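Fold and geometry: a report
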Amino acid sequence: MRVESKIVLEEFLTRIPEFELDRAKPPKLTAGQLGGMGSVPVVFEPGERLSQEPPSDGVRAWLEHAMA
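Residues numbered from 1 in each chain as written. Predicted model: local features only at pLDDT ≥ 70, side-chain atom pairs only at ≥ 80, totals over all residues. Heavy atoms only, no water.

Considerations on the layout of surface pockets
Put simply, the rule is: Here a cavity is any set of points on a 1 Å grid over the protein atoms alone where a 1.4 Å probe fits but cannot get out, and a pocket is any open set with protein on both sides within 12 Å along at least 5 of 7 lines; a residue lines the site when it has an atom within 4 Å of a point. Grid points are joined across faces, edges and corners, and a volume is the space filled by probe spheres set on the points. Helix numbering and strand numbering both begin at the N terminus, where a helix is a DSSP run of H or I of at least 4 residues and a strand a DSSP run of E of at least 2. Polarity classes work like this: nonpolar for Ala, Val, Leu, Ile, Met, Phe, Trp, Tyr, Cys and Pro, charged for Asp, Glu, Lys and Arg, and polar for all others, with Gly in that last group.
Its boundaries defined by the atoms lining it, the largest pocket holds a volume of some 2,600 Å³. Lining of the largest pocket is provided by 44 residues; of these, Val8, Phe12, Trp62, Leu63 and Ala66 occupy positions nearest its centre. Elements represented by at least two residues in the lining of the largest pocket include exactly helix H1 (2-15), strand S2 (28-30), strand S3 (36-39) and helix H2 (57-67). A per-element tally of the lining of the largest pocket places H1 first, with seven residues. Tallied by class, the residues present in the lining of the largest pocket amount to 23 nonpolar, 10 polar and 11 charged.

Next comes the structure, spelled out in structure tokens:
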């Protein structure tokens, strides 16, 4: 899990170097043996898409889950 988290953070910071926490939406914690952050709402200025290809099924499923 640590490797995946590191990769996600590195990719996020590469693509969205300037962001701030959304103060209107506090982070949600998840409890249990693998507790952590369930969500961390951020605000940023959208830029140009890195790829014109549609998102893969895995990315689309993750986005749908994240928006729920």
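Thoughts on the packing of aromatic side chains
Worth spelling out the cut-off: Side-chain rings of Phe, Tyr and Trp, where Trp is taken by its six-membered ring, are said to pair if the distance between their centres is within 6.5 Å; with planes under 30 degrees apart they count as stacked, over 60 as edge-to-face, and otherwise as tilted. Only protein chains enter the area calculation, which uses a 1.4 Å probe; residues under 20% of their type maximum are buried, those over 50% are exposed, and those in between are partly exposed.
Under the criterion given, the structure shown has one aromatic pair. Both rings, one in phenylalanine 12 and one in phenylalanine 19, keep their centres 5.0 Å apart while their planes meet at 80°; by these two values the pair is edge-to-face. Residue phenylalanine 19 is classed as partly exposed on the basis of its relative accessible area, which comes to 35%.

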